[in-house]
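Understanding the architecture of this molecule
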Amino acid sequence: MGNTRREFTPEFKDEAVKLVINTGRAVATVARELGVNEATLGRWVNLFKASQDAGEAGITETEKAELLRLRKENADLKLDRAFLK
C-alpha cells in the first residue's frame, strides 16, 4: 500500500499560514478545514514566525519560489544571448 506524499504549492502554504496568523484560529481547526495534517501546518506556521523573527519580514514562500524561477530564467536568457552573439 503505497503512501503518496502530497506536495503543496508555495501559494497554498502562504494562504494556509495567513489563515492561522490573521484570523487567530487554531492550527488544528484550519488544518482540518484545508485537509492538511495538523503537524504540517504547524511546521509552516513556525517557519513563518521564525523567518519573521530573523528579519525576513517581506519575503513569503511564494516570493521565494518566484525569485528562484526568475533567477533560473535569467540564467537561461544569458546563455541564449551568449549563444546568439
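Here's a quick rundown of the structure. (Residues numbered from 1 in each chain as written. Predicted model: local features only at pLDDT ≥ 70, side-chain atom pairs only at ≥ 80, totals over all residues. Heavy atoms only, no water.)

Section: the side chain of Asp 14
Relative to the helices and strands, Asp 14 resides in helix α1 (residues 10-23). Among buried Asp, Glu, Lys and Arg side chains, Asp 14 stands out as unpaired, with Lys 18 the closest opposite charge at 5.9 Å. Discounting chain neighbours no more than four positions away, the residues touching Asp 14 are Thr 60, Glu 61 and Thr 62. (Helix = DSSP H or I, 4+ residues; strand = E, 2+ residues; numbered from the N terminus. Buried < 20%, exposed > 50% of the residue type's maximum accessible area, 1.4 Å probe, protein only. Lys, Arg positive; Asp, Glu negative; His and termini not counted. Salt bridge = Lys/Arg side-chain N within 4 Å of Asp/Glu carboxyl O. Contact = heavy atoms within 4.5 Å.)

Things to note about the packing of aromatic side chains
Applying the stated criterion across every chain, the model contains three aromatic pairs. Taking 5.1 Å as the distance between ring centres and 15° as the angle between the ring planes, the aromatic pair formed by Phe 8 and Phe 12 counts as stacked. Residue class for Phe 12 comes out partly exposed when judged on its relative accessible area of 28%. Relative to Trp 44, the ring of Phe 12 lies with its centre 6.3 Å away and its plane at 85°, an arrangement referred to as edge-to-face. Within this pair, whereas Phe 12 is found in helix α1, its partner Trp 44 is found in helix α3 (residues 38-53), the two being separated by 32 residues in sequence. For Trp 44, a relative accessible area of 9% corresponds to the buried category. (Phe/Tyr/Trp six-rings, centres within 6.5 Å; stacked < 30°, edge-to-face > 60°.)

A few points about the nonpolar core
Listed in full, the nine residues of the largest apolar core are Ala 16, Val 17, Val 20, Val 30, Ala 31, Val 36, Leu 41, Trp 44 and Val 45. The set of elements that each furnish at least two residues to this core consists of α1, α2 (27-34) and α3. (Core = buried A, V, L, I, M, F, W, Y, C linked by side-chain atoms within 4.5 Å.)

Quick notes on the environment of Leu 19
With respect to the helices and strands, the residue Leu 19 is situated in helix α1. On a C-alpha basis, the gap between Leu 19 and Val 30 in space is 7.1 Å, while along the polypeptide they are 11 residues apart.

Side note on α1
Think of an α-helix as turning once every 3.6 residues; residues three or four places apart then point the same way. Helix length check: α1, at 14 residues, gives a terminal C-alpha distance of 20 Å against a target of 20 Å (1.5 Å per residue), a fit within 8%. Remark: Gly 24 follows α1 within two positions and exhibits a positive phi of approximately 75°. (Expected span 1.5 Å × (residues − 1).)

Side note on the packing of α2 against α3
Running from N to C, α2 and α3 cross one another at 120°; their axes reach a closest spacing of 9 Å. Regarding the angle of α2 to α3, the classification is oblique. In the crossing of α2 with α3, the sense of the turn from one axis to the other is right-handed. Seen from α2, the contacting residues are Val 27, Ala 28, Val 30 and Ala 31; seen from α3, they are Glu 38, Leu 41, Gly 42 and Val 45. Broken down by class, the residue content of the contact of α2 with α3 amounts to six nonpolar, one polar and one charged. (Axes fitted to C-alpha atoms, helices over the stretch in contact; angles between N-to-C directions. Parallel < 35°, antiparallel > 145°, perpendicular 65-115°, else oblique. Left-handed = near helix turned anticlockwise from the far one by under 90°. Nonpolar A, V, L, I, M, F, W, Y, C, P; charged D, E, K, R; others polar.)

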